[in-house]
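Here is how the chains run, residue by residue.
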Amino acid sequence: QVQLVESGGGLVQPGGSLRLSCAASGTISSLYRMAWYRQAPEKQRELVASITSGGATNYAESVKGRFTISRDNADAKNQMYLQMNSLQADDTAVYYCYALGAMNYWGKGTLVTVSS
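What this report covers is the structure whose coordinates are included nearby. (Residues numbered from 1 in each chain as written. Predicted model: local features only at pLDDT ≥ 70, side-chain atom pairs only at ≥ 80, totals over all residues. Heavy atoms only, no water.)

## Things to note about the state of the cysteines
Cut-off, in case you're wondering: To count as a disulfide, a pair of cysteine sulfur atoms needs to be within 2.5 Å. Per the convention used, a helix needs a DSSP run of H or I reaching at least four residues, while a strand needs a run of E reaching at least two, with both numbered from the N terminus. The buried label applies to any residue whose accessible area, calculated with a 1.4 Å probe on protein chains only, is under 20% of its type's maximum; exposed applies above 50%, and partly exposed to all values in between.
Overall, the coordinates contain one disulfide when judged by the stated rule. Between the sulfur of Cys22 and that of Cys97 lies a disulfide, 2.0 Å long from S to S. Where Cys22 bonds to Cys97 through sulfur, the torsion about that S-S bond is close to -70 degrees, and the disulfide is left-handed. Placement of the pair is Cys22 in strand β3 (residues 18–26) and Cys97 in strand β9 (residues 93–100), with a sequence separation of 75 residues. Among the residues examined, Cys22 registers a relative accessible area of 0% and is labelled buried.

Okay, here's the thing in structure tokens:
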């Protein structure tokens with residue numbers, strides 16, 4: 001089993017930055033791909049960015065150049081991050097941590113609100 005816990009969400013003004021973290025515990029060695037998804041009110045959940053165990057990354061077009069996904073498996077930290085810069089109102093959503101191992105794993109989400 002794998003447990004995922006997100007942190008770092010909050011209220012930020014347009015143009016500001018936030019850094020989300022996802023702490024993974026459990027059978028971490030089995031995780032192949034991790035990702036951030038988001039779901040805005042009355043919209044479907046969408047992929048924001050993903051990263052494989054080898055470090056290959058993929059981004060949604062809407063966040064390219066503004067968001068950066070990374071993983072830190074050194075010293076058993078088992079962390080994934082999403083650095084979000086130049087935030088816009090359209091980035092307001094609940095952000096979920098996702099991991100693919102023996103099955104799909106999801107965190108409970110962290111709310112990001114971009115508003116003046």
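## Remarks on the nonpolar core
To keep it simple, the criterion reads: Side-chain atoms within 4.5 Å link the members of a nonpolar core, which is a set of buried Ala, Val, Leu, Ile, Met, Phe, Trp, Tyr and Cys residues. Here a residue-residue contact requires only that any non-hydrogen atoms of the pair lie within 4.5 Å.
Counting residues in each nonpolar core, the largest one holds 30 residues, and the members touching the most others are Leu4, Met34, Trp36, Leu82, Met84 and Tyr95. Breaking this core down by element, the ones donating at least two residues are β1 (2–7), β3, β4 (33–39), β5 (46–52), β7 (67–72), β8 (79–84), β9 and β11 (110–114). Setting aside its immediate chain neighbours within four residues, Leu82 contacts Leu18, Arg19, Leu20, Trp36, Val48, Ala49, Phe67, Thr68, Ile69 and Tyr95.

Purely geometric stuff here, so don't read any function into it on its own.
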